[in-house]
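Below, each chain spelled out in residue letters.
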Amino acid sequence: MYQPETSYEEFLKSEQEKYPELNLKDIEVLTERLKANADLPPLRAKLIVMFLHSSYFNVDDAYKTITNYCKYRKELPQVFENYDPSSEEMKQVFDNMSICIVLNPSSGKQERLLYTNFKNTDPREYDYIRCCRYFFMMLEYLMVTSGTFDGVVLTMNSKGVSWRHITKTPMNTMKKLLGFVQEALPVRLKEVHVLNAGSIISMLFNIIKPFMRSNLMNLLKIFPEDSTDIFNHMPIDIMPLEIGGNGKSHYEYCEETYQKMISARDFFLSLN
């Protein structure tokens, strides 16, 4: 596992050991193409490597993904700016939501497992934009400490979701974030699981379905209330206790993740 301050040279050497397909020529070509586009902001060298990997080492695809990444970040400053895990806004998210890393091995290419769960189901304490900012900060932490890996699997426990949560979700922002997830992620998204999906989730799904492409639809698995079929897809040994797993409580996973993000505060501030 890397530190945020790990040098690019050390980072690249380790990444090439993981993925020999990651070659210097492709990195150089992609970097020069990005520099030639005056409309794009400077991009961190490590992040360019992440995009090349997430695009399965296709330079053209990586370039297109990066241009989309920059476009969406510009359109959504409320999500992608003011990164500070110790801010009052992020503390409020931490107090009311578990947004956490369940599996982040210290080395290797193994998939990373992410998990979300309400701590407090009171809609008055729910802020969709803040939760999204927290999530993407966590993803930044995952990338800067792990480098490349085979992919991300996200499990969302929807138990406690009410119509009032939906009414507090800005649909235009959600639509753009769905675009970001489908067109601009610097990691490979492998699966998305939604647990305890009742009628509210069905209604939400019908609202957002027009904005979802077939590739995202194919990654999505929805499980009804109290179903244990998730363990046909995810390792029961490490999944949270609250959903029938044999791992830690999601509160504990969340605390561990948050403290790691706090320890990397200087890195997050450098992104602003």
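Scroll up a little and you will see the structure.
What you are looking at is a predicted structure, and each value in this text was computed from that prediction instead of being measured. (Residues numbered from 1 in each chain as written. Predicted model: local features only at pLDDT ≥ 70, side-chain atom pairs only at ≥ 80, totals over all residues. Heavy atoms only, no water.)

Caption draft 1: Spatial organisation of the side chain of R112. Within the secondary structure, R112 is located in strand β2 (residues 112–118). For the buried R112, no salt bridge is present, and the opposite-charge side chain at shortest range is D150, 7.8 Å distant. In terms of polar contacts, R112 uses its side chain to reach the backbone carbonyl oxygen of P105, at 3.1 Å. Polar side-chain contacts of R112 include one of 3.3 Å to the backbone oxygen of G108. (Helix = DSSP H or I, 4+ residues; strand = E, 2+ residues; numbered from the N terminus. Buried < 20%, exposed > 50% of the residue type's maximum accessible area, 1.4 Å probe, protein only. Lys, Arg positive; Asp, Glu negative; His and termini not counted. Salt bridge = Lys/Arg side-chain N within 4 Å of Asp/Glu carboxyl O. Polar contact = N/O pair within 3.5 Å; in protein donor to acceptor, adjacent residues only side chain to side chain.)

Caption draft 2: Region of the structure containing the packing of aromatic side chains. One pass over the full model with this rule turns up 14 aromatic pairs. Ring plane angle 75 degrees and centroid distance 4.9 Å describe the contact between F51 and Y69, whose orientation is recorded as edge-to-face. Taken together, the positions of F51 in helix α3 (residues 45–54) and Y69 in helix α4 (residues 59–75) put the pair 18 residues apart, joining distant regions of the chain. In this structure F51 comes out as buried when scored by relative accessible area, which is 0%. Considering the side-chain rings of F267 and F268, the 5.5 Å spacing of their centres and the 55 degrees angle between planes classify their relative orientation as tilted. Judged by its relative accessible area of 0%, F268 falls in the buried class. The structure contains a cluster of three or more aromatic residues connected by ring pairs, namely F51, Y69, Y72, F80, F135, F136 and F180. Taking NZ or CZ as reference, R188 lies 3.7 Å from the ring centre of Y56, over its face. (Phe/Tyr/Trp six-rings, centres within 6.5 Å; stacked < 30°, edge-to-face > 60°. Lys NZ or Arg CZ within 6 Å of the ring centre and 35° of its normal.)

Caption draft 3: Molecular detail of the pattern of salt bridges. Taken as a whole and judged by the stated rule, the model has 14 salt bridges. E32 is the partner of K35 in a salt bridge, and the nearest nitrogen-oxygen pair spans 3.9 Å. With a gap of 3 residues between them, K35 and E32 both fall in helix α2 (residues 24–36), about one helical turn apart. You can call K35 exposed: its relative accessible area is 62%. Measuring nitrogen to oxygen at the nearest pair gives 2.7 Å for the salt bridge that ties R265 to D84. Of this pair, R265 sits in helix α13 (residues 265–271) while D84 sits in the loop between α5 (77–80) and α6 (88–96); the two residues are 181 residues apart in sequence, bridging distant segments of the chain.

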